[in-house]
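# Understanding the architecture of this molecule
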Amino acid sequence: MNPFTYIREQVIAMVGSLADDGVLPAGLDLSNLAVEAPRDSSHGDVATNAALVLTKQAGMKPRDIAAALAERLAGLGEVAAAEIAGPGFINLRLSAEFWRARLGDVLRSGIAYGDSQMAAGEKINIEYVSANPTGPLHIGHVRGAVYGDALANLLAKVGYTVCKEYYINDAGAQVDVLARSLHLRYREALGEAIGDIPEGLYPGDYLVPAGQAMADRDGDKWLGLAEADWLAEFRRFAVSAMMDLVRGDLASLGIEQQVFFSEDSLHSDGGIDSALAALQKKDLIYTGILEPPKGKTPDDWEPRPQTLFKASQFGDDVDRPLQKSDGSWTYFAADIAYHHNKVERGYRQMVDVWGADHGGYIKRMKAAVRALSDDQANLDVRLCQMVRLLRGGQVVRMSKRAGNFVTLRELVDEVGRDVVRFMMLTRKNDAPLDFDFDVAMEQSKDNPVFYVQYAHARIRSVLRRVAEELPELPREPENLAGADLNRLTDSAEMELIKQLASWPRAVEIAALAREPHRIAFYLNELASAFHALWNKGNAEPQLRFIIVEDRDLTQARLALIQGVAFVLASGLAIMGVEPVEAM
RNA sequence: GCGCCCGUAGCUCAGCUGGAUAGAGCACCGGACUUCUAAUCCGGAUGUCGCAGGUUCGAAUCCUGCCGGGCGCGCCA
């Protein structure tokens, strides 16, 4: 149960009953009525702005409404106290029994605690990574990969049926370059001395095994042929080899997408034609001449008639070209077809995760989706800002030219999957992030991964310990749910329970904002509250979890910490991080 | 020139889609260990929320205009 949602329902019911009794007018708009946790916990457990929201509609003073409402709310079994504060807030203190019952919810649900029906039955498509298939993934791809994957988990947690997708940019000139680079490696594998890799081809050794594989499969059958005769096959082979690399890289981060969609297939299977035909039918395509961008005209600018999409009718600044001067389709045309395909597969909710340098592309893509779906489908584009690597306090410099880009694999091999994933989620996606190797490897509270993991490990440690000291004490979650939770009375224990109870709300808020980093912040706070209680036990031995001479108390406290472990694991699961048993 | 993102404590950043006296961590000072893992915890102070208006019971949050920073701006993907 989400306590805030529950209390909100109660408040709304009470407003209804006041209306029935003629105290308030009927038919009030309650959509802005909020029930939230007050910033200052001394104000109570939950607060509502009901009286403030209704004052204008009801034509009454806020404090008068609050007085009437507070009186009724005080009659609820869950409510221990109702007070009016400030301009007309109603602060509610909920009963200890109500909170303890929430701990029971946690223990019965386990990892599934916090699952929500908010988006039950809705399909959503999320596309992320979509790196060009020209080599292994590097540091620049990691953030989008982790963010997209965690967001997918988060959306699934609130009930969406999620499809995780990767768009393979296997159509452009860069793939020809890749194919030629592979051809060179193929000749090399057949014993030819190729010397230095020529300018303009990909020099990376990751193509060496692919060249060897080509040679092993086909022998010398491609030697001595004109490029036109081998190019297509080398493109296919190279893209397939690179995508195997990419999938391996993603797997090292625990990422597995269901759909890998080929851009090239849109060219060859008529996907572009049918998408553009659909737009044509709506009269959204025409031939025209674009104005040069003001203030920054490219040197080689010349006015040219182009096939344009009327993006400006759907919120974009200008209409956008679909065809290059040589008659081939622009990247945008193919991307329209790709999103058309998603719409045709039934998606009304789509998320694209892009690097921040693609921000200028958002309006036209959203415009295209609106046009294609007659405004029935929504595309949400989330941008990921740059990651800066720090080592020894210094920025790790990288350049494509020098070929010293840190690969995803190197990063994962050095610090581990869980650390990479957690660290990438410690900032809002659209804020720049520093990834500090020194912090990532540190075993202290400065390292948030460590700090949260340590809390989980400590709990597991206590559970192992109690198995030795009180072997016959039932400690399975289902038994703990039946423990006498009334034995939990210390303020630090109650605080911890309240924090657990706010987990379902934290999940929903994070999902609405599509910001999985909020989960990381929540977990840090939960871990902090747990560590505090632990240390309180050091100072006051009667507060320790295991009290050998009081089995009921011990069981109640095991219930509490098992609840904490469940919620930690539940949050880590969204982030794609394994909870550890010991450290 | 235009569009998007950002500007919160000395530093790094949160801020629950408009709530009460704006919060954490780091750094600095002082405390807690024959511990269920001190790899932790407790206490101590700091703000023109970039600036100026507006919207309303109420603004860091929404709107407008400036200032400052990042990214992007036809035939790259």
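Residues numbered from 1 in each chain as written. Chains lettered and ligands numbered in written order. Predicted model: local features only at pLDDT ≥ 70, side-chain atom pairs only at ≥ 80, totals over all residues. Heavy atoms only, no water.

What follows deals with the domain arrangement of chain A. Here chain A is partitioned into domain 1 (3-94), domain 2 (173-252), domain 3 (283-345 + 355-380) and domain 4 (445-575). Each of domain 2 and domain 3 has a C-alpha centre, and the two are 33 Å apart. (Domains from an automatic or database assignment.)

Taken as a whole, chain A shows an average pLDDT of 91; of its residues, 99% reach a score of 70 or greater. Here the predicted complex scores 0.95 on pTM and 0.92 on ipTM. (pLDDT = per-residue confidence, 0-100.)

Moving on: the pairing of strand β15 (residues 433-436). Covered by surrounding structure in β15 are Leu433 and Phe435 only, the residues Asp434 and Asp436 on the alternate face being uncovered. In this structure, strand β13 (residues 387-391) lies alongside β15, joined through four bridges in parallel fashion. If you follow Arg388 over to β15, its bridge partner there is Asp434. (Buried < 20%, exposed > 50% of the residue type's maximum accessible area, 1.4 Å probe, protein only. Helix = DSSP H or I, 4+ residues; strand = E, 2+ residues; numbered from the N terminus. Pairing = 2+ DSSP bridges.)

Moving on, we come to the packing of aromatic side chains. In total, this model carries 20 aromatic pairs according to the counting rule given. Ring plane angle 25 degrees and centroid distance 5.9 Å describe the contact between Tyr6 and Phe98, whose orientation is recorded as stacked. One end of the pair, Tyr6, is in helix α1 (residues 3-20); the other, Phe98, is in helix α4 (residues 96-109), with 92 residues separating them in the sequence. Neither residue differs from the other here; Tyr6 and Phe98 are each classed as buried. Both rings, one in Phe261 and one in Tyr338, keep their centres 4.8 Å apart while their planes meet at 40 degrees; by these two values the pair is tilted. Of this pair, Phe261 sits in strand β7 (residues 259-262) while Tyr338 sits in helix α11 (residues 331-344); the two residues are 77 residues apart in sequence, bridging distant segments of the chain. Just as Phe261 is buried, Tyr338 falls in that class too. Grouped by ring-pair contacts, the aromatic residues Tyr167, Phe261, Phe309, Phe314, Tyr331, Phe332, Tyr338, Trp354 and Tyr361 constitute a single cluster. (Phe/Tyr/Trp six-rings, centres within 6.5 Å; stacked < 30°, edge-to-face > 60°.)

What follows covers the side chain of Ser252. With respect to the element layout, Ser252 can be found in helix α8 (residues 227-252). A polar side-chain atom of Ser252 sits 2.6 Å from the main-chain carbonyl oxygen of Asp249. Among residues more than four places away in sequence, those in contact with Ser252 are Leu408, Arg409, Val412 and Arg417. (Polar contact = N/O pair within 3.5 Å; in protein donor to acceptor, adjacent residues only side chain to side chain. Contact = heavy atoms within 4.5 Å.)

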